[in-house]
There are 2 protein chains.
Amino acid sequence: MAHPMTMKNGQPFDRASLESLMKRRLFYTPSFDIYGGVSGLYDYGPPGCALTTNIVDIWRKHFVLKENMLEVDCTILTPYEVLKTSGHVDKFADWMCKDPKTGEIFRADHLVEEVLESRLKGNKEARGQKAEEEKEDPKKKKKKVKSIAIVKLDDAVVQEYEEILAKIDNYNGEELGLLMKKYDIKNPATSGELLPPVSFNLMFQTSIGPSSNLPGYLRPETAQGQFLNFQKLLEFNQQSMPFASASIGKSFRNEISPRSGLLRVREFLMAEIEHFVDPEGGKKHPRFDEVKDVELELLNREVQLAGKTQVETTKIGKAVETSLVDNETLGYFLARIQLFLERIGVDKSKIRFRQHMANEMAHYATDCWDAELLTSYGWIECVGCADRSAYDLSVHMKKTGAPLVVREPRKVPLQIEEWQVDIEKKKFGPKFKKDGKTVEAAIEALSQELREKLSLDLEKEGKITIDVPGVGDGKVEVPNDLITIEKRTRVENVREYTPNVIEPSFGIGRIVYALCEHNYWTRAEDEARGVLSFPPTVAPTKVLIVPLSSHSDFKPFVRTLSDKLQDIGVSSRVDDSGASIGKRYSRNDELGTPLGITIDFQSVKDNTFTLRDRDTTRQVRASVDEICKAISNLVNGTEQWADVAARLPAFEGQEVD
Amino acid sequence: MAHPMTMKNGQPFDRASLESLMKRRLFYTPSFDIYGGVSGLYDYGPPGCALTTNIVDIWRKHFVLKENMLEVDCTILTPYEVLKTSGHVDKFADWMCKDPKTGEIFRADHLVEEVLESRLKGNKEARGQKAEEEKEDPKKKKKKVKSIAIVKLDDAVVQEYEEILAKIDNYNGEELGLLMKKYDIKNPATSGELLPPVSFNLMFQTSIGPSSNLPGYLRPETAQGQFLNFQKLLEFNQQSMPFASASIGKSFRNEISPRSGLLRVREFLMAEIEHFVDPEGGKKHPRFDEVKDVELELLNREVQLAGKTQVETTKIGKAVETSLVDNETLGYFLARIQLFLERIGVDKSKIRFRQHMANEMAHYATDCWDAELLTSYGWIECVGCADRSAYDLSVHMKKTGAPLVVREPRKVPLQIEEWQVDIEKKKFGPKFKKDGKTVEAAIEALSQELREKLSLDLEKEGKITIDVPGVGDGKVEVPNDLITIEKRTRVENVREYTPNVIEPSFGIGRIVYALCEHNYWTRAEDEARGVLSFPPTVAPTKVLIVPLSSHSDFKPFVRTLSDKLQDIGVSSRVDDSGASIGKRYSRNDELGTPLGITIDFQSVKDNTFTLRDRDTTRQVRASVDEICKAISNLVNGTEQWADVAARLPAFEGQEVD
């Protein structure tokens, strides 16, 4: 549903105009458009592709290089067996409802959400409160307005609806079915009755090999490949704990009915970290001190279960101290996620961390927080950060027998007092014959408590009697010449444990889209002139080179500037089209290019150029070396435009058209 | 089959020892290993992943940035309709033979190749010629030796076999079936009869959406997405031709029986360029002059068809001039491919360009050359470079009606003399009634020759008679009050054409593997000490930091050096394990790390460090600033080790263990 948003300049945000810009400038486009498109699939064009590459590059520096994570690239194709073990075959599903008459299929939770929100809106209108809503795609708006019935609701009903919406992610299929019955939720277009929700697995299926005998899936996350390689990664890391692996790659979800543009797609780029940590000792993180004062907006699960959504600004150090966030390592990553999002230009005031409610969280998870970004579609999960406990490594170890564990020498060997049993093997065979092994196993399996009790029996009665199902009448007597039971001390030098996993998981496409919403605004003097104010580090192109005209005198300067910028590693583009300077700069404002160089007749005379700042449209004039130095500083973040403008002589004129 | 190779140091190359190194150091590992693996699927571990990322990064600079290509990122999921139109549904297939008794499946061309090569080897042994063969994995060798029958062949048969092998890629299924019959080729393990070759489509199939009604595939190449977006890309490029799009991403082929490790896999990273060029004017390239003197080793199709494989060293300028290479644009890219491969460290003497034979080439292609790299598996196609003509854009345009064409104003408008037909529409309807449209269409379709002839009839007889199948008896008379035929001049101001496509297509995984083979050698003094001599730009890690011991005095220096290197953008790793300095350097020789810094007790005293060169194992000693400057120069390629060694004082000692 639409959420009213404001742009940097205080004007209301208009999604339709941003989307039109993004498609016109080929940030993205529906895939297979000339074939009619496929819902939930989008291609990235040159600026979208460069934006994504730059964000991934910063991600790699911020996480992988900074902390020496072990980056891996595992396959997308995944055999059935692996995803059966991980639980995805059985549980990676959404609830869908079919309209038996029209054949239409709805995602149950989205349908409930949509219908209740629409009723709340109708209620507001009925009460004469103007529903806050930004301007929308005219086509969509028409459709939506039609389906909103202007009906007043009881105060109690309004409260019920709001509470349901606050915990919409907390319902299972059965509960959604009950809600649909209770609130009479039907096909919004036809008012047709819907069948009860059934589970639909979201993985794309295929088969591997020529004889079609190996069923497989496209991975729904990059995590499993990292878990399966745990042992080799630990070995690569020279057995040193804690450590993290990381992976950047495509994942796939066969969404029931994709909507919300780039936010809900069937194929998407993920960047995931699996941080492996010792479960003992409180999951401390060695660098937690560096981030403990980072402030986050936290929305905890109790608040949500009470049907509310208010956040609390909390230092992460405090949140861990009070156990609101389960442990240091989880807290460390929440803070690092916040810093990453700020670094790439996400609006700080539009970030919150929402804790998962109990039913929403996987049953094995200890704690889970989503970094949500506020967009015109509402708060959108863009990064998940879960403590997955030892679940994944344990299930794969159990299934395959591979030792997905850490073995470390104990500094102080562990002394264990225990009742040990010795068997006189030579006599054991002859006495019990073919049952020997069974009896032996039954003895080995005796608990410490039983062993203690039996040691007394042995002393008193010279024999023990134990239960051995399947041998004789199920009771077996063992005399004391065949067995000894004694309390002894065992020394354990090696500790073996299954690490826990903290998993920060980034949906890059969603972050890219939210970033565009946060950085989009229109010039006050002209609503049609859109600007994307990306920070220079993430901007698709850093510099636009604009010769005043196609005059041949300008050509050598274009080449010199391009080469110089390439030498200092700055991406530039030349626009020598016939359009006016103003039009050419407008086009590049829309592409988010932060800087522009104009080559004019004065350049030909004295080899000076003007440098233009996208956001202020102010210009300075200087020599080629000074211009390049300023660009390098701006792109690397060592200078801001204000510094450059204060340093170099201003230039007025030219950009009128 | 195995191909004897020599390492840089002149010693014979041993594939088994390189593969063991690459798996031990986690360059790659079989995917899902703990589940028994899936053939044809491999994961890249940290060094393999970093190596790939660095190569992709250089690729992007060498091609995309250098020539302002439009990079796009299209989806892997592709609907049936698109791949039906492109021809992949019908033709993207290999020939497979089944053994009806055992159920085993063979790829027909590979089986013929393997059996004939094995017979040739048996013949050599029978003639007492020692078969040249490098040392192999002992397990494999045993198996292979077993299957080689030592049988002498007639000279004529040997020649036949060699000719077949030289053109093995030129046979279709029927021809392969005939070869198998003629040369009695059966299941090598059981000698069981095989069924004739049948076609097996290599695309992985899936279905998109919840109702399973949209069949789709995983793309077999990244090209189609680029073609479908042609119109938008041309618009983005402000209608300017020629231009290229580019794409880096995963593609999939369901290989019949993957073998040869990383060289034949089911999921792989591709980097593809689609360069769109005007088919008129000889497909000139504006920058061809820059590369015309680049020398390539060319193996042309006539030589191959004659059953030979000798190459000719040719300047690309000459090759295009003599039409051996079809046009400048194709030639330009062949040279740029050569330069790219050299830049990343591929051995220049192990590159050749092989022209496709007629049957091997897609029917629409004008010319096609593969850059092949010599490995222990023989010459392997690593880059394809095809002139795909206007095929792809034409078929998609025909299917969808989207105008995948270039429209450009003519500098000199075209004057076309032609016979034009005018119809008196008002009278036409009443006379022909329901057949009006059909008759009109038949008239519009008349050729220029017929129009000229009919204009005479009209003048002489006052009417014309034309064939209109399906109307009356198929002959229709049109009187001269309904029709005029006149010769007139038409002026065409806009030229419309479908661009041709030159497609350089890179298999990144194959290049990575060949690069490893080309850069692998073992130290003369110790065969077990492997080294991977990657150039610093592609090396996974640039610098290893080694404190002499875990003494706490060294710790602050480790931190300072790491931070300094991070500041100058150089990736480093610390090895503070307890192992000896020598062992730690050996490990990093295997990882291909070009430089190492040792922190010893003298460092603590005077803040100097030693810098070690991987390839020579020589060391210099200098201050931290001088060391960092040298590293920066070496990594950026502005200095070679010899320069640094000449400049800074040598250091002897330490590396004994």
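From a predicted model like this one, the values you see are computed outputs, not experimental measurements.

## Re the sheet that holds strand β4 (residues 77–79) of chain A
Residues and elements named next belong to chain A.
Part 1 of the reasoning: Sheet architecture is open: three strands sit in the order β4-β9-β8, paired in antiparallel fashion. Every other strand in the sheet has two partners, leaving β4 and β8 (205–208) as the edge strands with one partner each. Neighbour-to-neighbour, the strand axes of this sheet turn through a mean angle of 45°, independent of strand direction.
Part 2 of the reasoning: Strand direction decides the pairing type here: β8 and strand β9 (residues 214–218), joined by four bridges, are antiparallel. Looking at the pairing, Ser 207 lines up with Pro 215 of β9.

## Comments concerning the nonpolar core
Residues and elements named next belong to chain B.
Part 1 of the reasoning: Counting 93 residues, the largest nonpolar core has Trp 59, Ile 316 and Phe 506 as its most contacted members.
Part 2 of the reasoning: The leading source of residues in this core is helix α14 (residues 328–344), at nine residues.
Part 3 of the reasoning: For Ile 316, the residues in contact, after removing those within four places along its chain, are Phe 288, Val 291, Lys 292, Val 294, Leu 296, Val 325, Gly 331, Leu 334 and Ala 335.

## Comments concerning the packing of helix α2 (residues 46–65) of chain B against helix α19 (residues 508–519) of chain B
Residues and elements named next belong to chain B.
Part 1 of the reasoning: Interaxial distance between α2 and α19 falls to 10 Å at its minimum, and their mutual angle equals 110°. Classed by the angle they form, the pair α2 and α19 counts as roughly perpendicular. Relative to α19, the crossing made by α2 is right-handed. Contacts from Leu 51, Thr 52, Ile 55 and Val 56 of α2 reach α19 at Ile 508, Val 512, Leu 515 and Cys 516.
Part 2 of the reasoning: The class makeup of the residues in the contact of α2 with α19 is seven nonpolar, one polar and no charged.

## Side note on empty space enclosed by the protein
Over the atoms rolls a probe the size of a water molecule, and its path tells where empty space is left.
Part 1 of the reasoning: Summed over all chains, the structure comprises 11 cavities of 30 Å³ or more.
Part 2 of the reasoning: Along its surface, the largest cavity is lined by 14 residues, and A:Tyr42, A:Tyr44, A:Glu267, A:Phe268 and A:Leu269 are the ones closest to its centre.
Part 3 of the reasoning: Of all the elements, strand β11 (residues 267–277) of chain A adds the most residues to the lining of the largest cavity, at three residues.
Part 4 of the reasoning: Quantified by volume, the second largest cavity comes out at close to 70 Å³.
Part 5 of the reasoning: A:Phe32, B:Cys74, B:Thr75, B:Thr78, B:Arg219, B:Glu221, B:Thr222, B:Ala223, B:Gln224 and B:Gly225 together form the lining of the second largest cavity.
Part 6 of the reasoning: Considering each element in turn, the lining of the second largest cavity owes the most residues, three residues, to helix α9 (residues 223–228) of chain B.
Part 7 of the reasoning: Grouping the constituent residues of the lining of the second largest cavity by class yields three nonpolar, five polar and two charged.

## Focus on the side chain of B:Arg25
Part 1 of the reasoning: The residue B:Arg25 is located in the loop between α1 (15–24) and β1 (28–30) in this model.
Part 2 of the reasoning: Ignoring any residue separated from it by four or fewer positions in sequence, one finds B:Arg25 in contact with A:Phe236, B:Pro47, B:Arg587, B:Glu590 and B:Leu591.

## Thoughts on the interface of chain A and chain B
Part 1 of the reasoning: The partner chain B presents 77 residues to the 77 residues of chain A that form the contact.
Part 2 of the reasoning: Of the roughly 6,400 Å² buried between chain A and chain B on both sides combined, carbon and sulfur atoms contribute 61%.
Part 3 of the reasoning: The largest per-residue losses of area from chain A upon contact with chain B belong to A:Ile34, A:Tyr35 and A:Phe236, which jointly make up 12% of the total buried on that side.
Part 4 of the reasoning: Remark: the boundary between chain A and chain B carries four salt bridges.
Part 5 of the reasoning: B:Lys232 is the salt-bridge partner of A:Asp33, the closest N and O atoms lying 2.5 Å from each other.
Part 6 of the reasoning: Put simply, chain A and chain B have 28 residue pairs in polar contact (both at pLDDT 80 or more) between them.
Part 7 of the reasoning: With six residues, helix α2 (residues 46–65) of chain A is the largest single contributor of residues to the side of chain A that touches chain B.
Part 8 of the reasoning: Classifying every residue of the side of chain A that touches chain B gives 37 nonpolar, 21 polar and 19 charged.

## Side note on the relation of the copies chain A and chain B
Part 1 of the reasoning: Note on the copies: chain A fits chain B at an RMSD of 0.6 Å, the axial shift is 0.1 Å, and the rotation between them is 180°. Expressed as an axis order, the relation between the two copies is that of a two-fold axis. Of every C-alpha in chain A, the one belonging to A:Thr206 sits nearest the axis of rotation, 2.4 Å from it.
Part 2 of the reasoning: A shared interface surface links the copies, since 100% of the contact residues of chain A are contact residues in chain B too.

## Details of the pairing of strand β27 (residues 608–613) of chain A
All names here are of chain A.
Part 1 of the reasoning: Buried residues dominate β27, accounting for six of its six residues.
Part 2 of the reasoning: Going residue by residue along β27, you find Thr 608, Thr 610 and Arg 612 tucked away on one face and Phe 609, Leu 611 and Asp 613 tucked away on the opposite face as well.
Part 3 of the reasoning: With four bridges connecting them, strand β26 (residues 595–599) and β27 associate as antiparallel partners. By the bridge assignment, Gly 596 is partnered in β27 with Arg 612.
Part 4 of the reasoning: When β27 meets strand β28 (residues 619–623), the two strands line up antiparallel, connected through five bridges. Bridged to Arg 612 within β28 is Gln 619.
Part 5 of the reasoning: The loop that links β27 with its antiparallel partner β28 comprises five residues; one of these, Thr 617, has a positive phi angle of about 60°.

## Thoughts on the sheet that holds strand β3 (residues 70–71) of chain B
All names here are of chain B.
Part 1 of the reasoning: Read from one edge to the other, the open sheet built from nine strands follows the order β3-β10-β11-β21-β16-β15-β14-β12-β13, with strand pairing classed as mixed. Since the sheet does not close on itself, it has two edges, and those belong to β3 and β13 (312–315), each with one partner.
Part 2 of the reasoning: Here strand β11 (residues 267–277) pairs with strand β21 (residues 500–507) via six bridges, running antiparallel. In the sheet register, Ala 271 faces β21, and the bridge partner there is Phe 506.

## Details of the domain arrangement of chain A
Residue and element names in this part refer to chain A.
Part 1 of the reasoning: What the domain assignment lists for chain A is domain 1 (15–90 + 203–393 + 501–508), domain 2 (94–200), domain 3 (408–495) and domain 4 (541–651).
Part 2 of the reasoning: A straight line from the C-alpha centre of domain 1 to that of domain 2 covers 28 Å.
Part 3 of the reasoning: Every contact between the two is made by 18 residues of domain 1 and, on the other side, 20 residues of domain 2.
Part 4 of the reasoning: If you sort the residues of domain 1 by the area they bury against domain 2, Arg 15, Ile 256 and Arg 259 come out on top, with a joint share of 36%.

## Quick notes on the pattern of salt bridges
Part 1 of the reasoning: Per the counting criterion, the structure on display carries 106 salt bridges over all chains.
Part 2 of the reasoning: Linking A:Arg488 and A:Asp422 is a salt bridge whose minimum nitrogen-to-oxygen distance equals 2.3 Å. Here A:Arg488, found in strand β20 (residues 483–497), pairs with A:Asp422, found in strand β17 (residues 406–423); they are 66 residues apart in sequence, far enough to count as distant.
Part 3 of the reasoning: Residue classification places A:Arg488 among the partly exposed residues on the basis of a relative accessible area of 25%.
Part 4 of the reasoning: We note a salt bridge from B:Glu267 to B:Lys250, for which the minimum N-O separation is 3.6 Å. Of this pair, B:Glu267 sits in strand β11 while B:Lys250 sits in strand β10 (residues 243–252), and the two are 17 residues apart along the sequence.
Part 5 of the reasoning: Since its relative accessible area comes to 9%, B:Glu267 is described here as buried.
Part 6 of the reasoning: Note on B:Lys250: relative accessible area 15%, which makes it buried.

## Quick look at the packing of aromatic side chains
Part 1 of the reasoning: On inspection of all chains with the given rule, the structure shows 40 aromatic pairs over all chains.
Part 2 of the reasoning: Measuring from ring centre to ring centre gives 5.5 Å for A:Tyr28 and A:Tyr42, while their planes differ by 75°; the resulting arrangement is edge-to-face. With a gap of 14 residues between them, A:Tyr28 in strand β1 (residues 28–30) and A:Tyr42 in strand β2 (residues 42–44) connect regions that are remote in the sequence.
Part 3 of the reasoning: Its relative accessible area of 3% is what places A:Tyr28 among the buried residues.
Part 4 of the reasoning: Ring geometry for B:Trp59 against B:Phe506: centres 5.6 Å apart, planes inclined by 80°, an arrangement best described as edge-to-face. In this pair, B:Trp59 sits in helix α2 while B:Phe506 sits in strand β21, placing the two residues 447 residues apart along the sequence.
Part 5 of the reasoning: For B:Phe506, a relative accessible area of 0% puts it in the buried group.
Part 6 of the reasoning: Aromatic rings pair up to connect A:Trp59, A:Phe63, A:Phe340 and A:Phe506 into one cluster.
Part 7 of the reasoning: For the cation-ring pair, A:Arg621 lies above A:Phe651, with the distance from its terminal atom to the ring centre recorded as 5.2 Å.

Basis of the calculations
- Residues numbered from 1 in each chain as written.
- Chains lettered and ligands numbered in written order.
- Predicted model: local features only at pLDDT ≥ 70, side-chain atom pairs only at ≥ 80, totals over all residues.
- Heavy atoms only, no water.
- Pairing = 2+ DSSP bridges.
- Helix = DSSP H or I, 4+ residues; strand = E, 2+ residues; numbered from the N terminus.
- Axes fitted to C-alpha atoms, helices over the stretch in contact; angles between N-to-C directions.
- Core = buried A, V, L, I, M, F, W, Y, C linked by side-chain atoms within 4.5 Å.
- Buried < 20%, exposed > 50% of the residue type's maximum accessible area, 1.4 Å probe, protein only.
- Contact = heavy atoms within 4.5 Å.
- Parallel < 35°, antiparallel > 145°, perpendicular 65-115°, else oblique.
- Left-handed = near helix turned anticlockwise from the far one by under 90°.
- Nonpolar A, V, L, I, M, F, W, Y, C, P; charged D, E, K, R; others polar.
- 1 Å grid on protein atoms, 1.4 Å probe; cavity = no way out; pocket = protein on both sides within 12 Å on 5 of 7 lines; lining within 4 Å.
- Points joined across faces, edges and corners; volume = space filled by probe spheres on them.
- Buried area = accessible area lost by both parts, 1.4 Å probe.
- Salt bridge = Lys/Arg side-chain N within 4 Å of Asp/Glu carboxyl O.
- Polar contact = N/O pair within 3.5 Å; in protein donor to acceptor, adjacent residues only side chain to side chain.
- Least-squares fit on C-alpha atoms with pLDDT ≥ 70 in both.
- Domains from an automatic or database assignment.
- Phe/Tyr/Trp six-rings, centres within 6.5 Å; stacked < 30°, edge-to-face > 60°.
- Lys NZ or Arg CZ within 6 Å of the ring centre and 35° of its normal.

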